[in-house]
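Letter by letter, the chains look like this.
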Amino acid sequence: MALLLAWIKYILDNKLYDAEFCMKWTNLPFLVNPDTLYTYKADELGIGTSTQYVVWDSKTNAPAALTYPWDDNLDPVMDGSWDYNGKTVYTAYHALADCCKDWTIEKAADICWLDADKIEEAIKIYVD
């Protein structure tokens, strides 16, 4: 798990992911309900239906219902947190980055008895 978290941190920190793919085909831009830790459905916020997820729309600076698979009228934010209706809401990307924020390659190398340079090399091979 230490190694996995270090890989994720390194990939996110260095933006070694396909941002367009992550935006359109993963749950990373979806807003997370801080009470349940599940992604919001639009009906929970009174802005849509139970089949729609919620993103933070930079055009309106507010949550917006996203109809699957995509809505070109929206400009979702991938990473962020906002105060909304007395709660701090955040994207799934933000939650993922927060989970691995302390897991450096050096920390993982120490825990896993591996060479930090080899871990970095493996990550670079993986993302190519």
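For the structure, see preceding data.
None of the values given here were measured: they were computed from a predicted structure. Numbering of residues starts from 1 in every chain and runs along the sequence as written. The model is predicted, so local features are restricted to residues of pLDDT at least 70 and side-chain atom pairs to those at 80 or more, both for listing and for counting; the totals for chains, interfaces and linings are taken over all residues. Only hydrogens and water are removed before side-chain values are computed, so all heavy atoms of the structure are retained for them.

Notes on the overall build of the protein chain
When you go through the protein chain residue by residue, the secondary structure sums to 5 helices and 5 strands. In this description a helix means any DSSP run of H or I spanning at least four residues, a strand means any run of E spanning at least two, and both kinds are numbered starting from the N terminus. For the protein chain, the succession of helices and strands along the chain, N to C, is α-α-β-β-β-β-β-α-α-α. Counting over 128 residues, the protein chain shows a buried share of 35%. Residue contacts follow a heavy-atom distance rule, with two residues in contact if any of their heavy atoms lie within 4.5 Å. If you take every contact in the protein chain between residues at least 6 apart in sequence, the share linking residues at least 24 apart comes to 46%. For every residue, the accessible area (1.4 Å probe, protein chains only) is compared with the maximum for its type, and the residue is labelled buried under 20%, exposed over 50%, or partly exposed between those bounds.

Notes on unusual backbone geometry
Omega for the bond connecting Tyr68 with Pro69 falls within 30 degrees of zero, at 0°, which places this linkage in the cis form. With respect to the element layout, Pro69 can be found in the loop between β3 (62-66) and β4 (81-84). At Trp113, a position not held by glycine, the phi torsion is positive, near 60°. Taking relative accessible area as the criterion, Trp113 reaches 79% and is therefore assigned exposed.

Digging into the packing of aromatic side chains
When two rings of Phe, Tyr or Trp (its six-membered ring) have centres within 6.5 Å they constitute a pair, described as stacked for plane angles under 30 degrees, edge-to-face for angles over 60, and tilted for the intermediate range. With the rule as written, the count across this model stands at 5 aromatic pairs. Relative to Trp82, the ring of Trp56 has its centre 4.6 Å away and its plane inclined at 5°; by these criteria the two rings are stacked. Pair noted here: Trp56 is in strand β2 (residues 53-57) and Trp82 is in strand β4, with a separation of 26 residues, a long-range link. There is no split in this pair, since Trp56 and Trp82 are both buried. Here, a charge over a ring is recorded when the distance from Lys NZ or Arg CZ to the ring centre is within 6 Å and its angle to the ring normal is within 35 degrees. We note Lys107 situated over the ring of Trp103; from NZ or CZ to the ring centre the distance is 4.1 Å.

Comments concerning the pairing of strand β5 (residues 87-91)
When DSSP locates at least two bridges between a pair of strands, those strands are taken to pair. Note: strand β1 (residues 31-32) against β5, 2 bridges, orientation antiparallel. Across the sheet, residue Val32 finds its bridge partner in β5, namely Tyr90. Pairing of β4 with β5 involves 4 bridges; the strand directions are antiparallel. Bridged to Asp83 within β5 is Thr88. The hairpin turn running from β4 into β5, its antiparallel successor, is 2 residues long, and Asn85 in that turn takes a positive phi close to 50°.

Concerning the sheet that holds β1
The strand order across the open sheet built from 3 strands is β1-β5-β4, with neighbouring strands paired in antiparallel fashion. A strand with exactly one partner marks an edge of an open sheet, and here the two such strands are β1 and β4. The sheet contacts of helix α3 (residues 92-99) involve β1, β4 and β5, and relative to β5 the element is tilted by about 90°. Lines fitted to the C-alpha atoms define the axes, with helices restricted to the stretch that makes contact. Angles between their N-to-C directions range from 0 to 180 degrees.

Regarding the side chain of Gln52
As for its position among the elements, Gln52 is in the loop between β1 and β2. Taking the relative accessible area as the measure of exposure, Gln52 reaches 14% and is therefore buried. The term polar contact refers here to a pair of N or O atoms within 3.5 Å; inside protein, the definition further demands a hydrogen-donor-capable atom paired with an acceptor-capable atom, and it admits residues adjacent in sequence only when both atoms are side-chain atoms. Engagement of the side chain of Gln52 in a polar contact is seen with the backbone nitrogen of Thr49, the distance being 2.8 Å. The residues contacting Gln52, other than those within four sequence positions of it, are Tyr40, Lys41, Ala42, Ala65, Leu66 and Thr67.

Distances and angles like these do not, on their own, reveal function.
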